Amino acid sequence: MENIEDTYFETKCVHSGIKEYEYGPVVPPIYQTSTFKFKSACHGASLFAGEEKGYIYTRMGNPTIEAMEDSVAALEGGHKALGCGSGMAAVHTVFAALTQFGDHIVCSHAVYGPTTTLLNSIMKRYGVETTFVDASNLDEVKNAITAKTRIIYIETPGNPTLSISDIKAIAKIAHNAGAYLVVDNTFMSPALQKPFEFGADIVLHSMTKFLNGHADVIGGVIIVRDEQMYCDFRKVLNQLGGVIDPFNSFLVHRGIKTLALRMQQHCESATAIAGYLENHPAVKKVMFPGLRSHPQYSLAQKQQKGPGGLIAIELKGGYRAGKNMMNGVKLFQLAVSLGGVESLIQHPASMTHASMGAEARAAAGICEGLVRLSIGIENVNDLINDLERSLDKVNDVKDVVMN
Ligand code: LCS
C-alpha cells in the first residue's frame, strides 16, 4: 500500500507491515521455515557479509516476523522493531543491549514482578545495580541518578497499581544524565499512548497482551528510534536467541488489525466498571486512570488517549474478601495475563507479583488485598452483573468455595 505513513491509526492497524507476496495474498503468508536456501555459495557469503539483502535463518530474520515488526514499528512511530519470544525476552534483551558490568539502572517500583526479579537477580549477578523509585515522583527519579546510570526504566500505567509516570519529564531527566529512557507500553498499546512522542528512546511490549489481544500467543517486541540502535539490538537478540516464531508473529499481526477497535471497547467498558466499583459499598479503593480520584488523573489526560482496560481494587474486607470475589465470579476468568478479549481477574501479591517478595511489593504499593481486573470486550452489563453477584457475597462469614 502506498503512503501508509500518512494514514490514520485505525488504517495503519489494518494495513501496516503488509508487502507484496507471491500469488498476491491479502494476508502475509506464514513462512514456517527455520532456514532459507542460497542461490549459490557466493550468494550465501554475501548475505552473511551484509552485502546483499535477504533471509538466511529465521533467528536472524523471517518475512512473517518482519511483517509484524514493521506493523508494530509503524503504530508506535518508531524506526524499526524486533520481535521477541515473550515480553520478558524483550525486557532482558534491552537490559543486555544497553548495560555492562558496573552500570546502574533506575527502575520504577510499579513494573511487572518478574522485571523487578530479573533486575534483582540475573542483572545484579552480571554487575548491574538497580535503584527502584516511585517514578510518579520526579524528585525521586532525579535523586536516584548516578554517574553510572545507563537506563531509566518505567511502565506507565504501572503493573498492577496503575500509577502513572510523566514520560516527557523523565525523558529529560534521562537525557540530561546521558541515559536512555525505556518505556514498557504494554498497558496502553500504541492506540492509547506513544512514548516516542514524549521523548522515550526505546519502547517495548509484552505482545501477549493488547497487541495480540486474544490470549493465544506469548510474544514481546522492542521498538527503537534509529538504525544504529536497531543493528546493535539485533546483534544482541541474535546472540541471546529470544526471538518470536513465524506462526506467533502471524497471529499477533492478525490481532493488531482490530487493535484500535478493541482498545476503544476496553476503555469504554473499564470506565463504566470503574465507576460502578467506586460506588459499591464493599469496595475501599479503585485505581483506574480514568477516575478523577486517580492521583495522576490530569497527567493521564495529557499523556494517554484513554484510560486503558485495567482496574486495580482494594476491598474493605482485605485479602479474604478479595479471595471470595475471585472465587465468586463466573464470567471473569480467574487467570493472570491481561489485554485479551476475555475479562480476567487475579491477585498480584500471590500471583503476578509473588516472585518479587513482600518487601519490594510493599515499596511498590502493592497491598495484600489488591485485586486486578482486565476488562474484556464482553457486554459490559454482563460483566457488571457478574461482579455484582460476587461482591454481594464477599463479606459472608463463610469463604466462597469453588466447585
Ligand atoms: N511487561 C508487562 C507490563 C507485563 O504485564 C508483562 C506480563 C510483561 C512485561 C512480560 O511479558 P510476557 O513475557 O509474559 O509476555 N504481565 C503479566 C501479567 O500481568 N499477568 O501475567 C503476565
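Residues numbered from 1 in each chain as written. Predicted model: local features only at pLDDT ≥ 70, side-chain atom pairs only at ≥ 80, totals over all residues. Heavy atoms only, no water.

Caption draft 1: Expanded view of the overall build of the protein. Scanning the protein from terminus to terminus reveals 14 helices and 12 strands. Taken over the C-alpha trace, the protein has a radius of gyration of 22 Å; the compact-globule value for 403 residues is 22 Å, and the two agree within 12%. When the 403 residues of the protein are sorted by exposure, 55% land in the buried category. Long-range pairs, those at least 24 residues apart, make up 72% of the contacts in the protein between residues at least 6 apart in sequence. Total accessible area on the protein stands at roughly 17500 Å², and carbon and sulfur atoms take up 53% of it. Across the protein, the 36 positively charged side chains and the 40 negatively charged ones have centroids separated by 3 Å. (Helix = DSSP H or I, 4+ residues; strand = E, 2+ residues; numbered from the N terminus. Rg over C-alpha atoms; globule rule 2.2 N^0.38 Å. Buried < 20%, exposed > 50% of the residue type's maximum accessible area, 1.4 Å probe, protein only. Contact = heavy atoms within 4.5 Å. Areas by Shrake-Rupley, 256 points an atom, 1.4 Å probe, with all protein chains shown as cover. Lys, Arg positive; Asp, Glu negative; His and termini not counted. Charge placed at Lys NZ, Arg CZ, Asp CG, Glu CD.)

Caption draft 2: Region of interest: the pairing of strand 3 (residues 129–133). Pairing of strand 2 (residues 104–108) with strand 3, which is carried by 5 bridges, proceeds in the parallel orientation. Following the sheet pairing, H104 is matched in strand 3 by E129. Taken together, strand 2, helix 5 (residues 113–125) and strand 3 constitute a β-α-β crossover, and its handedness is right-handed. (Pairing = 2+ DSSP bridges. Right-handed = clockwise from strand over helix to strand, strands pointing away.)

Caption draft 3: The arrangement of the site of the ligand in detail. Around the ligand sit 18 residues in total, of which D184, S206, T208, S337 and R372 are the nearest. In this structure, K209 approaches the ligand through a side-chain N or O atom, which is 3.5 Å from a nitrogen atom. Starting from 480 Å² of accessible surface for the ligand in isolation, the protein chains cover 94%. Tallied by class, residues from the shell around the ligand come to 5 nonpolar, 9 polar and 4 charged. Built from parts of two domains, the shell around the ligand gets at least three residues from each of domain 1 (4–30 + 61–256) and domain 2 (260–391). (Near = heavy atom within 4 Å. Polar contact = N/O pair within 3.5 Å; in protein donor to acceptor, adjacent residues only side chain to side chain. Nonpolar A, V, L, I, M, F, W, Y, C, P; charged D, E, K, R; others polar. Domains from an automatic or database assignment.)

Caption draft 4: Quick look at the packing of helix 4 (residues 87–98) against helix 5. It is the contact of helix 4 with helix 5, at a shortest axis distance of 11 Å, that shows an interaxial angle of 40 degrees. The orientation of helix 4 with respect to helix 5, classified from their angle, is oblique. Note that helix 4 runs across helix 5; the crossing there is right-handed. Where helix 4 approaches helix 5, its residues M88, V91, H92 and F95 are matched on the opposing element by P114, T115, L118, L119 and M123. Tallied by class, residues from the contact of helix 4 with helix 5 come to 7 nonpolar, 2 polar and no charged. (Axes fitted to C-alpha atoms, helices over the stretch in contact; angles between N-to-C directions. Parallel < 35°, antiparallel > 145°, perpendicular 65-115°, else oblique. Left-handed = near helix turned anticlockwise from the far one by under 90°.)

Caption draft 5: Main features of the nonpolar core. Of all hydrophobic cores here, the largest spans 51 residues; its most connected members are V72, I152, I154, L181, M207, I223 and L259. Inspection of this core shows a minimum of three residues originating in each of domain 1 (4–30 + 61–256) and domain 2 (260–391). Apart from the residues lying within four places of it in its own chain, the contact partners of I223 are V72, A73, E76, G78, K80, A81, F196, D201, I202, V203 and H205. Of all hydrophobic cores here, the second largest spans 27 residues; its members include A282, V329, F332 and I375. (Core = buried A, V, L, I, M, F, W, Y, C linked by side-chain atoms within 4.5 Å.)

Caption draft 6: Main features of the sheet that holds strand 8 (residues 283–287). As summarised here, the arrangement of the 5 strands in space is 8-9-12-11-10, forming an open sheet in which the pairing is mixed. On the outer flanks of this sheet lie strand 8 and strand 10 (333–334), each paired with one strand and no other. The pairing of strand 11 (residues 344–346) with strand 12 (residues 370–374) spans 3 bridges and is classified as antiparallel. Across the sheet, the residue bridging to I345 is L373, located in strand 12.

Caption draft 7: Seen up close, the side chain of N185. With respect to the helices, strands and loops of the structure, N185 is situated in the loop between strand 5 (180–184) and strand 6 (202–206). Note on N185: relative accessible area 0%, which makes it buried. Discounting residues that sit within four places of it in the chain, N185 has contacts with E76, P190, Q193, P195, V203, L204 and H205.

Keep in mind that these numbers describe shape and distance, not what the molecule does.
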